[in-house]
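# Close look at the chain arrangement
For reference, the chains in residue letters:
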Amino acid sequence: MIFCLLPVKDRLVLSMDRTNWKFGDFNINILMLGITYKGIAFHLIFKLLPKRCNSNWEERKEIMDHFVRLFGSDCIDCLVSDREFIRKARP
């Protein structure tokens, strides 16, 4: 629904982020992928990570592949993210 409401559907700047907090004894760790529009990130895809630490290459690739399956790759201009996402795939 959010994607359909955006007035621009090409040259999209995607943003990847992760949030981690604790609710009582329960750890919440979510990897998110969104679209930035006029300085605001609209998160479209979420993945709950069953751990406390950073995401890995496979988890980040999975969330990107999900976006591409839904919206295609031609609409993507670039992906921005924090430095925690620098790691590459393992050979």
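Residues numbered from 1 in each chain as written. Predicted model: local features only at pLDDT ≥ 70, side-chain atom pairs only at ≥ 80, totals over all residues. Heavy atoms only, no water.

### Here's the deal with unusual backbone geometry
Even without glycine at this site, K38 takes up a positive phi of about 50°. Within the secondary structure layout, K38 lies in the loop between β2 (26-37) and β3 (40-48). (Helix = DSSP H or I, 4+ residues; strand = E, 2+ residues; numbered from the N terminus.)

### Some thoughts on the pairing of β2
Relative to β2, strand β1 (residues 12-23) runs antiparallel, the two being bridged by 11 bridges. Residue pairing in the sheet places F23 in a bridge with F26 of β2. What sits between β1 and β2 in their antiparallel hairpin is a turn of 2 residues, with G24 showing a positive phi close to 65°. Alignment of β2 against β3, held across 8 bridges, turns out to be antiparallel. From the neighbouring strand, I35 faces β3, where its bridge partner is F42. (Pairing = 2+ DSSP bridges.)

### Notes on the pattern of salt bridges
Within this structure, the stated rule accounts for 4 salt bridges. Put simply, R11 and D77 hold a salt bridge, and the shortest N to O gap is 3.8 Å. Highlighted residues: R11 in the loop between α1 (2-5) and β1 and D77 in strand β4 (residues 76-81), separated in sequence by 66 residues. Of the residues examined, R11 reaches a relative accessible area of 62% and is grouped as exposed. (Salt bridge = Lys/Arg side-chain N within 4 Å of Asp/Glu carboxyl O. Buried < 20%, exposed > 50% of the residue type's maximum accessible area, 1.4 Å probe, protein only.)

### A few points about the sheet that holds β2
In a beta sheet, neighbouring strands pair by backbone hydrogen bonds and run either parallel or antiparallel. Pairing is mixed in the open sheet, where 4 strands are placed in the order β3-β2-β1-β4. Edge positions in the open sheet fall to β3 and β4, since each of these has one partner strand only. The sheet shows a mean angle of 30° between the axes of neighbouring strands, taken without regard to direction. Its contacts with the sheet place helix α2 (residues 57-71) against β1, β2, β3 and β4, and it is angled at close to 115° to β3. (Axes fitted to C-alpha atoms, helices over the stretch in contact; angles between N-to-C directions. Contact = heavy atoms within 4.5 Å.)

### Concerning a nonpolar patch on the surface
A surface patch of nonpolar side chains, amounting to about 380 Å² of accessible area, comprises W21, F23 and F26. Take F26: it is sitting in strand β2. (Patch = residues over 30% accessible without salt bridge, like charges linked within 9 Å, V, L, I, M, F, W, Y side chains within 5 Å. Areas by Shrake-Rupley, 256 points an atom, 1.4 Å probe, with all protein chains shown as cover.)

### Quick notes on the nonpolar core
Within the largest apolar cluster, 14 residues are counted, with the highest numbers of intra-cluster contacts made by L12, L14, M16, L33, I35, I63 and F67. For this core, the secondary-structure elements that each account for two or more residues are β1, β2 and α2. Residues in contact with L33, not counting those within four places in the same chain, are L14, S15, M16, H43, L44, I45, I63, M64, F67 and L79. (Core = buried A, V, L, I, M, F, W, Y, C linked by side-chain atoms within 4.5 Å.)

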